[in-house]
Amino acid sequence: MRVLLVGAGGVGGAITRIAARRPFFEAMVVADYDPDRAEAAVAALGGDARFTAEQVDAGDEAAVARLLQWHRCDVLLNATDPRFVMPLFRAARAAGATYLDMAMSLSRPHAERPYEECGVKLGDEQFTQAADWEREGLLALVGMGVEPGLSDVFARYAADELFDEIEEIGIRDGANLTVDGYDFAPSFSIWTTIEECLNPPVVYETGKGWFTTEPFSEPEVFDFPEGIGPVECVNVEHEEVLLVPRWVDARRVTFKYGLGREFVETLKTLHLLGLDRTDPVAVPGPDGPVKVSPRDVVAACLPDPAGLGERMHGKTCAGTWVRGVKDGEPREVYLYHVVDNQWSMAEYGSQAVVWQTAINPVVALELLATGAWSGAGVLGPEAFPARPFLDLLTDYGSPWGMREQ
């Protein structure tokens, strides 16, 4: 297997450190718009000849396709933010390569009823091309990070091995992470966090299908394992709600994020001031007006999440709560994966949130390389058997857990 990794930021850099310990691939080309960042990611691996650095604009489909062909890469792994999903998705297909991402094509709210009806849903642009990918015998494995990704694998595992009937699947994400020296320092890309938290959340129900609610709706306190404890979680737009019902039979699917009240209020303020907008606005510059995206300005003013590991303390938990029936009796479980920041920093030099995101696409790549996973079309993690993934995740030294509720 020869892999083109596009994006050498926090998650991309963690991917290279994890992959460097595994023998399943022949080469990994690390490409980024900033050539220094790609070079730094490769240099950190201590001379592993399988890794090389390149410069590429993720929005330039033709350039990405040429890079795939030049290096004879048969897989494109997208570690950029969601703005670049579609150009990279199309470039992979043009080059005849397998495609993996960790976030799907962007949504657009319904024009008249944004908090009741879906407009363009997450992943819609990719799924409209599913028949073409399948006809050409190509695979696009979408949403293969931690959430979405591992959370979807948990849903598949629950359906196959733990339940006869599933009433509800709820993804629940929480943490007790703190960052020394900052009053506000998100542990993941603020651009992506704003996108998913301020868009109308999507809920799925049998008979009703997909529908939307107000941002931060239906607050609940969820007790997270391994010492994290109770965290207030709210509805947030996320890919699992759009993916799980396509392959898993469940009467209701939700995603709730443990943001904390202070974080929620900060996001609401950004929205109130228009600082969540992505369309450029004109601001004064030394040589005249300059057009900038308010959201990009917010991101530039905050610390890079990938560089916060030394100041960060605590654990992060990604998991899937499932309620249903087994052998005629009600059952409720929480399948989860916890990463301690102190461990991920000591073992890999990556902070917990980006490392937890990064390990899952590497596990998926290895399953594709060995043939344990295979397919054609645009497929989510739920379309594949869960047990090989969970067993290999444990083999990577990062076991998962299950709690009977």
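It should be noted that the structure appears before, not after, this text.
Just so we're clear, the structure is a prediction, and the values are computed from it rather than from any experiment. Within each chain, residue numbers correspond to sequence positions counted from 1 in written order. Where local features are concerned, this predicted model is filtered to residues with pLDDT of at least 70; where side-chain atom pairs are given and counted, the filter is 80 or more; whole-chain, interface and lining totals use all residues. Side-chain numbers here rest on the full set of heavy atoms in the structure, without hydrogens or water.

Caption draft 1: Region of the structure containing the pairing of strand β4 (residues 75–78). The alternating pattern of β4 places V75 and L77 on one face and L76 and N78 on the opposite face, and all of these are buried. Criterion used throughout: strands pair if DSSP finds at least two bridges between them. Only DSSP runs of H or I reaching four residues or more are called helices, and only runs of E reaching two or more are called strands; each is numbered from the N terminus. Sheet topology places strand β1 (residues 2–6) next to β4; 4 bridges connect them, and they run parallel. From the neighbouring strand, V6 faces β4, where its bridge partner is N78. Alignment of β4 against strand β5 (residues 98–100), held across 3 bridges, turns out to be parallel. Across the sheet, L76 pairs through a bridge with Y99, a residue of β5. In this fold, β4 hands off to helix α4 (residues 85–94), which returns the chain to β5; that crossover is right-handed. Note on exposure labels: buried denotes an accessible area under 20% of the residue type's maximum, exposed denotes more than 50%, and partly exposed covers the range between, all computed with a 1.4 Å probe on protein chains only. Crossovers are marked right-handed if the path from the first strand over the helix to the second runs clockwise, as seen with the strands pointing away from the viewer.

Caption draft 2: Structural detail: the state of the cysteines. Cysteine sulfur pairs qualify as disulfides if the two atoms are within 2.5 Å. Applying the stated criterion across every chain yields a total of 0 disulfides. Unpaired in this structure, C233 has its nearest cysteine sulfur neighbour in C317, at a distance of 9.7 Å. You can call C233 buried: its relative accessible area is 0%.

Caption draft 3: Just the packing of helix α3 (residues 61–70) against α4, in detail. The axes are straight lines fitted to the C-alpha atoms, using for helices just the contacting stretch, and the angles between their N-to-C directions are given from 0 to 180°. Viewed as axis vectors pointing N to C, α3 and α4 meet at an angle of 45°, and their least axial separation amounts to 8 Å. Comparing the axis directions of α3 and α4 gives the class oblique. By crossing handedness, the relation of α3 to α4 is classed as right-handed. Taken together, the residues of α4 that come into contact with α3 (itself represented by E61, V64, A65, L68 and Q69) are P87, L88, R90, A91, A92 and A94. Lys, Arg, Asp and Glu make up the charged group, whereas Ala, Val, Leu, Ile, Met, Phe, Trp, Tyr, Cys and Pro make up the nonpolar group; the residues left over, Gly among them, are polar. Classifying every residue of the contact of α3 with α4 gives 8 nonpolar, 1 polar and 2 charged. Each angle gets one of four labels, with under 35 degrees taken as roughly parallel, over 145 as roughly antiparallel, 65 to 115 as roughly perpendicular, and the rest as oblique. Left-handed is the label given to a crossing in which the near helix is rotated counterclockwise from the far helix by less than a right angle, and right-handed is the label when the rotation is clockwise. Two residues qualify as a contact provided that any one of their heavy atoms is within 4.5 Å of a heavy atom in the partner residue.

Caption draft 4: Representation of the side chain of S344. Position of S344 among the secondary structure elements: in helix α12 (residues 341–348). In this structure S344 comes out as buried when scored by relative accessible area, which is 0%. Here N341 takes part through its backbone oxygen, which lies 3.2 Å from a polar atom of the side chain of S344. S344 has contacts with V339, G349, S350, Q351, A352 and W355, leaving out every residue within four places of it along the chain. Any N or O atom pair separated by 3.5 Å or less is treated as a polar contact, with the protein-specific requirement of one donor-capable and one acceptor-capable atom, and with residues adjacent in sequence counted only for side-chain atom pairs.

Caption draft 5: A look at the environment of Y157. Assignment of secondary structure puts Y157 in helix α7 (residues 150–162). Relative accessible area serves as the criterion here: at 8%, Y157 is assigned to the buried category. Put simply, Y157 and F384 are 227 residues apart on the chain and 9.8 Å apart in space, counted from C-alpha to C-alpha. Ignoring anything within four residues of it in the chain, the contact list for Y157 reads L162, L335, A386, R387, L390 and W400.

Caption draft 6: Region of the structure containing the environment of W70. For W70, the location among the structural elements is in helix α3. Along the chain, W70 and W373 lie 303 residues apart, while their C-alpha atoms are 26 Å from each other.

Caption draft 7: Just the sheet that holds β1, in detail. The sheet built from 7 strands is open, its strands ordered β3-β2-β1-β4-β5-β6-β19 with parallel pairing. Each edge of the open sheet carries a strand with a single partner, namely β3 (51–55) and β19 (377–379). The average angle at which neighbouring strand axes cross in this sheet is 20°, direction not considered.

Caption draft 8: Region of interest: empty space enclosed by the protein. Only protein atoms enter the 1 Å grid used here. Points where a 1.4 Å probe fits but cannot escape make up a cavity, open sets with protein on both sides within 12 Å along at least five of seven lines make up a pocket, and a residue lines them when an atom lies within 4 Å of a point. Grid points are joined across faces, edges and corners, and a volume is the space filled by probe spheres set on the points. Enumeration according to the criterion identifies 1 cavity of 30 Å³ or more in this entry. Taken together, 16 residues make up the lining of the largest cavity; nearest its centre are S107, G119, V120, T212 and E237.

Caption draft 9: Region of the structure containing the packing of aromatic side chains. By convention, a stacked pair of Phe, Tyr or Trp rings (six-membered ring in the case of Trp) has centres within 6.5 Å and planes under 30 degrees apart, an edge-to-face pair has planes over 60 apart, and any other such pair is tilted. Going through the model one piece at a time under the given rule, you end up with 18 aromatic pairs. Ring geometry for F255 and Y257: centres 6.2 Å apart, planes at 75°, overall edge-to-face. A single burial state applies to F255 and to Y257, both of which are buried. What links up through ring pairs into an aromatic cluster is the set F222, F224, Y334 and Y336. The positively charged end of R21 is found above the aromatic ring belonging to Y348, 3.9 Å away from the centroid. Above the face of the W191 ring, R295 is positioned so that its terminal group lies 4.4 Å from the ring centre. Over a ring means this: the NZ of a Lys or the CZ of an Arg is within 6 Å of the ring centre and within 35 degrees of the ring normal.

Caption draft 10: Seen up close, the nonpolar core. Among the nonpolar cores identified, the biggest contains 88 residues, and I15, M28, I169, L259, W373 and F389 are the most heavily contacted of them. Of the residues forming this core, the biggest block, 11 residues, is contributed by helix α13 (residues 352–370). If we ignore the near neighbours within four places in the chain, the residues touching I15 are L5, M28, L77, A79, M102, A358, P361 and V362. Among the buried residues, those of types Ala, Val, Leu, Ile, Met, Phe, Trp, Tyr and Cys that are joined through side-chain atoms within 4.5 Å form a nonpolar core. Grouped together as the second largest cluster of nonpolar side chains are 29 residues, L88, F89, A91 and F127 included.

Caption draft 11: Quick look at the layout of surface pockets. Taken as a whole, the second largest pocket encloses approximately 290 Å³ of empty space. Around the second largest pocket sit 18 residues that line it, and P109, E195, N199, D276 and R295 are the ones nearest its centre. Among the elements that take part in the lining of the second largest pocket, helix α8 (residues 190–198) stands out by supplying 4 residues, more than any other. Considering only residue class, the lining of the second largest pocket consists of 8 nonpolar, 4 polar and 6 charged.

Caption draft 12: Region of the structure containing the pattern of salt bridges. We define a salt bridge as a side-chain nitrogen of Lys or Arg found within 4 Å of a carboxyl oxygen belonging to Asp or Glu. In this structure the tally under the stated criterion is 33 salt bridges. A salt bridge links R252 to E168; the shortest N-O distance between them is 3.3 Å. Here R252, found in strand β13 (residues 252–257), pairs with E168, found in strand β7 (residues 165–175); they are 84 residues apart in sequence, far enough to count as distant. The class of R252 is buried, set by a relative accessible area of 18%. Where R387 meets D391, a salt bridge forms, and the shortest distance between an N and an O atom there is 3.3 Å. With R387 and D391 both in helix α14 (residues 386–395), this residue pair falls 4 residues apart, about one helical turn.

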